[in-house]
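Each chain is listed here by its residues.
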Amino acid sequence: MRLKLERRPEASRFWFYLSPVLAVALSALAAAGLFALLGVAPGQALWLMVVTPLANVYGLAELGLKATPLLLCAVGIAVAVRANVWNIGAEGQFTMGAIAGGGIALLFGEDGGAWVLPLMLLAGVAGGLVWAAIPALLRTRCNAHEILTTLMLTYVATQLLGYLVHGPWQDPEGYSFPQTKQFDSAALLAPLIPGTRLNLGAVFALLAVPCASVLLRQTLAGYRLRVVGLAPAAASYAGFSQAGAVWLGLLVSGGLAGLAGVCEVAGPIGQLTPVISPGYGFAAIIVAFLGRLSPAGILAASLLMALLYLGGEQLQITLQIPTAATGVVQGMLLFFLLAADVLVGFRVRLIGRSVAAPAHA
Amino acid sequence: MTIARRTLLATPPALLLSRVGRAAEPMAIGFVYTSPVGEAGWTFQHELGRRAVDKQYGGAVKTSYVENVSEGADSERVIRKLAADGNHLIFTTSFGFMNPTIKVAAAFPKTLFEHATGYKRADNVATYSARFYEGRYLAGVVAGHISKSKVLGYVAAFPIPEVLQGINAFTLALRQVQPDAVVKVVFTSSWFDPGKERAAADTLIAQGADFLTHHTDSTAVVQAGEEKGVPTIGYNSDLSRFGPKTCMTSVTMDWTEYYVGRVKLALDNAWKPTDTWGGIKAGMVKMAPLSDAVPTAAASDMQAKQADFMAGKLLPFTGPIKDQTGKERVPAGSSLADKDVLAMNWFVEGVQGKA
Amino acid sequence: MPEQISILALVLGILVATVRAATPLLLAGFGELVTERAGVLNLGVEGMMLVGAACGFIGAVTTGSVLVGFALAVLAGLVMALIFGVLTLYLMANQVATGLALTIFGIGLSALLGVNYLGTPIPGLATRIFPHLADAPPVAQQLMLLDPVVWIAFATPVLVSLFLYRTRPGLVLRSIGESHEVAHALGYAVLRIRLAAVLFGGAMSGLAGASLSLAYTPMWTENMTAGRGWIALALVVFSTWKPLWLFVGALLFGFVTIAQFQAEALGLDVSPNLLAMLPYLATIVVLVLISRDATRLKLSAPAALGKPFHATT
């Protein structure tokens, strides 16, 4: 007796919605087991992980705040992946967006005025765009694969940030520490809800979802992009340029990542420092796939990932469970989600060993 | 009504029941660490302080820590959580937590905060740091007696003032014993990357360094020295077990007395937002026991200077001091003021590297 | 003064440092090369390396034998790769996401496993073989530092090349990477061969991790690979999936890293941050130079890379 997977004639809608539920249930079980192994009460740990972070307005706002860069970057990455363009460097584009926006803040922040912030945000998008344009150029003109170029440029961006905050942009009143001065209030994103840190970035992130959806499904450019990704031969036969799809994919994801970057430094951080991201650009890749590369799914996935991060912190604070355990739980949840998704496209059949030879009539 | 529901949601059911019928509440104290605790290193030394507090005050306090807290936007949330969860005194142990600490302190005026290696205070935020450079000075004395090639290697993470203070003090002391010795500095751009530190150490040895020290968080440099037979001086914790034959000593920091003292003040309601910058005399910087391989002359020279520190007589940044370019930074007869030491962004003569 | 070090010792020192820095990249890189040539993209290299490093260290500390450590590391890599293989090959899960999940899982798992082994000092591999390494004269010392793992890392490109290009199984593997449908039609067990390739990649990643925790920097600390797995992945792409270029890439990257430190130690007046960019920029520049021929690039990426295979017959 063995299990065999049979492709379904069409994707099962039932499992499309149920597989995440199944995965979450399985991971909860696995996590409970892990917690028991670590010597803590599983029920309490799970509660702390998923309920406690959301227990008040501040917690919900933090969820939104943490999900914002994930959502922005992931939507962009998903658009790129649809064109078969692998943008592994969202982290670097995030950093460049922060640098560009931060630069504007440092230059013009003192002058005040309502125009500073929009200019910063535009600069942030531009920064990410430019940083993504480099791999796009290298891929279309020189055939350099973007997995490598985007990843390498991420490291370069991090070093550039380090150079700027340590050198030319260092706060002169800052005792030679690597940081810029804190941005003036005209250059800061104010909280949407007083007492929390949720800011305009969340609105942009939420807007990105329908915009990306529209781009992919209702525009010709998006259509071309998807065809290039799904069937490159057919696309070139139809005259859809692959280079165009590469550019569109990288620019969209670069711009969104750059926007996420400037929102992070104009929002919760309020200045440029050497460390501005705990790895959003990489986590966003997972969010993109968890969300099945659809903007709406990504919205849900980003909230889930953000909750896992917050939950992990809570577990550390209350039960002193090491952050390493959070990583294990996150990994397991992802495994279960990815595994459960097989049921959407395939049916599981038990094949008996003693199958009679087909009768030939 | 809403408040009650929120509290219910925030407290897992099991814990709720245990809160009933509690007597005098122990004071909750939180520690925020930027890296894992491990068994040696910057965070480990802070953890030793936390454990000392636990041991000293027993049931009167309840300490907890959060490790691996990234210095970006996450830190503010973690610090805030600790404050909101009822911690009365919170230690934030890395420079990058400075602005988040100030922001949270403004929202929680009744909570007390202690920020390490920063410079911003508030009514409820104290700062503290240690004059690590005093230990580095003593390290330089030891190194000066041991190095023969007159080339010494320094593997450092980032060119921030605290690191530069250490390098400069090391070099100044070294050149009192060997006036034409040179200290080569290599920056790894990471507090913690053992592989890079190893590569940097190998490079320095290849260029003739016969003595190494470091300002990074791992033990890789000491291990590199042990493997190649090059003497080293460790940092943060006593690293002699990583270099039993070659690690001469280590510059360590001891936060236990400071932490125990501050907690007492908080318990007695006598806490004030002070700025503490103690060195060897205050017991905040200590040298690990000298290895047997340290020659007697080096040991006695170091001990003599250590006694000078204890008596408050020795100021490492006393002029005349010239920087790398030859310009005089500290005239003869005067000593660098604290605020200039705090903002140090230059190298003394004899250091080869870019600040 | 530096003049006391002979030129030979200096050059040898740089060479040996480069070689040792390149070793984990070679091991993990070639493992991933085989995996990708079979058509599977495993982004979990970093996670597999870390679990290998942790398990290798634990094995060596518990039994006192570094051989047991390496064996355990290889086994750990195999197990991690098996998880990936089952998910992506048999359950048709998306390869990119699964690989990333493996990395997150591996980072966390290694930290949990190694928690009792932090701060435990052990002698390095080279010292175990040559107990008097520390007292050896400079030139001899450099040569002694080329421990067995380094030799394995340098034998790997040759062996993998021979396997891929001169053996029948290698040809089959490559054909599966180019077109799994055709290979299946020809009767080859696509999934089984891909699984073997994935497992090989895992074993090599585990070995690469152990090369760090048992040989290069004999210790265990969380996240000690510090991104080397990602560099190895990038180098496979850089190499346009050809063994020779992967070898060159690993050495290039190792060399520029060492060169960066050399330049600093010589007193070069450039910001350390800007110097630190060099290895990454160098990799991009060289990639651009070797990728200019469009047809060559198109022909070298395994055509079926990343696409799941499901037998319908």
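Residues numbered from 1 in each chain as written. Chains lettered and ligands numbered in written order. Predicted model: local features only at pLDDT ≥ 70, side-chain atom pairs only at ≥ 80, totals over all residues. Heavy atoms only, no water.

**Some remarks on the interface of chain A and chain B**
Then, in step 1: With 38 residues of chain A at the contact, the number on the chain B side is 41 residues.
Then, in step 2: Summing both partners gives a buried area of about 3,400 Å² for chain A against chain B, and 55% of it is carried by carbon and sulfur.
Then, in step 3: Contact with chain B buries surface across chain A, with Y175(A), F177(A) and I317(A) losing the most and accounting together for 20% of the total.
Then, in step 4: The tally of links between chain A and chain B comes to four salt bridges.
Then, in step 5: A salt bridge links E62(A) to R77(B); its shortest N-O distance comes to 2.8 Å. (Contact = heavy atoms within 4.5 Å. Buried area = accessible area lost by both parts, 1.4 Å probe. Salt bridge = Lys/Arg side-chain N within 4 Å of Asp/Glu carboxyl O.)

**A short note on the interface of chain A and chain C**
Then, in step 1: Across the boundary between the two partners, chain A contributes 40 residues, which contact 45 residues of chain C.
Then, in step 2: Overall, the association of chain A and chain C removes approximately 3,900 Å² of surface from exposure, summing both partners, and the carbon and sulfur fraction of that is 83%.
Then, in step 3: For chain A, the biggest contributors to the area lost against chain C are N143(A), L148(A) and F335(A); these three give 17% of the whole.
Then, in step 4: Between chain A and chain C we count zero salt bridges in total.
Then, in step 5: Those elements giving two or more residues to the side of chain A that touches chain C turn out to be β1 (2-7), α1 (13-38), α5 (116-142), α6 (146-166), α11 (280-290) and α13 (323-340) of chain A. (Helix = DSSP H or I, 4+ residues; strand = E, 2+ residues; numbered from the N terminus.)

**Concerning unusual backbone geometry**
Then, in step 1: With omega at 0°, the peptide bond leading from G319(B) into P320(B) counts as cis.
Then, in step 2: If you trace the backbone, P320(B) turns up in the loop between α11 (296-310) and β13 (321-322).
Then, in step 3: Of note, S176(A) is a non-glycine position whose phi angle comes to about 60°, a positive value.
Then, in step 4: Mapped onto the elements, S176(A) comes out in the loop between α6 and α7 (200-218).
Then, in step 5: A relative accessible area of 9% places S176(A) in the buried class.
Then, in step 6: In this model, N269(B) sits at a positive phi of 60°, which is unusual for a non-glycine residue. (Buried < 20%, exposed > 50% of the residue type's maximum accessible area, 1.4 Å probe, protein only.)

**With respect to the domain arrangement of chain A**
Residue and element names in this part refer to chain A.
Then, in step 1: Once the domains are mapped, chain A shows domain 1 (1-40 + 323-361) and domain 2 (53-320).
Then, in step 2: Between the C-alpha centres of domain 1 and domain 2 the distance comes to 32 Å.
Then, in step 3: Both faces combined, the contact of domain 1 with domain 2 buries some 1,100 Å², and carbon together with sulfur accounts for 71% of it.
Then, in step 4: When the buried area of domain 1 at its contact with domain 2 is split by residue, T326, Q330 and L334 rank highest and sum to 40% of it.
Then, in step 5: The interface formed by domain 1 and domain 2 contains one salt bridge.
Then, in step 6: For D341, the salt bridge identified is with R292, shortest N-O distance 2.4 Å.
Then, in step 7: Connecting domain 1 to domain 2 are three residue pairs in polar contact (both at pLDDT 80 or more). (Domains from an automatic or database assignment. Polar contact = N/O pair within 3.5 Å; in protein donor to acceptor, adjacent residues only side chain to side chain.)

**Some thoughts on the sheet that holds strand β1 (residues 27-32) of chain B**
By definition, the strands of a sheet pair up through backbone hydrogen bonds, in either a parallel or an antiparallel sense.
All names here are of chain B.
Then, in step 1: Strand order in this open sheet of six strands is β2-β1-β3-β4-β5-β11, and the pairing throughout is parallel. In this open sheet, the two edge strands, each paired with only one partner strand, are β2 (61-66) and β11 (275-278). Across this sheet, the average inter-strand angle for adjacent strands is 15°, counted without regard to direction.
Then, in step 2: Here four bridges tie strand β4 (residues 112-116) to strand β5 (residues 125-130), and the two strands are oriented parallel to one another. For E114, the partnering residue across the bridge sits in β5 and is A126.
Then, in step 3: Relative to strand β3 (residues 89-92), helix α4 (residues 74-84) is tilted by about 160°, and along the sheet it contacts β1, β2, β3 and β4.
Then, in step 4: Running over the sheet, helix α5 (residues 98-107) touches β3, β4 and β5 and is turned about 170° from β4. (Pairing = 2+ DSSP bridges. Axes fitted to C-alpha atoms, helices over the stretch in contact; angles between N-to-C directions.)

**So, a nonpolar patch on the surface**
Residues and elements named next belong to chain A.
Then, in step 1: A contiguous nonpolar surface patch, about 450 Å² in accessible area, is contributed by V57, L192, I193, L200, V203 and L207.
Then, in step 2: Looking at the nonpolar patch element by element, the count peaks at three residues for α7.
Then, in step 3: When you line up the elements, V203 lands in helix α7. (Patch = residues over 30% accessible without salt bridge, like charges linked within 9 Å, V, L, I, M, F, W, Y side chains within 5 Å. Areas by Shrake-Rupley, 256 points an atom, 1.4 Å probe, with all protein chains shown as cover.)

**Examining the pattern of salt bridges**
Then, in step 1: Scanning the entire structure with this criterion turns up 32 salt bridges over all chains.
Then, in step 2: Among the charged side chains, a network of salt bridges with common partners joins E62(A), K66(A), R197(A), E313(A), D74(B), E76(B), R77(B) and K103(B).

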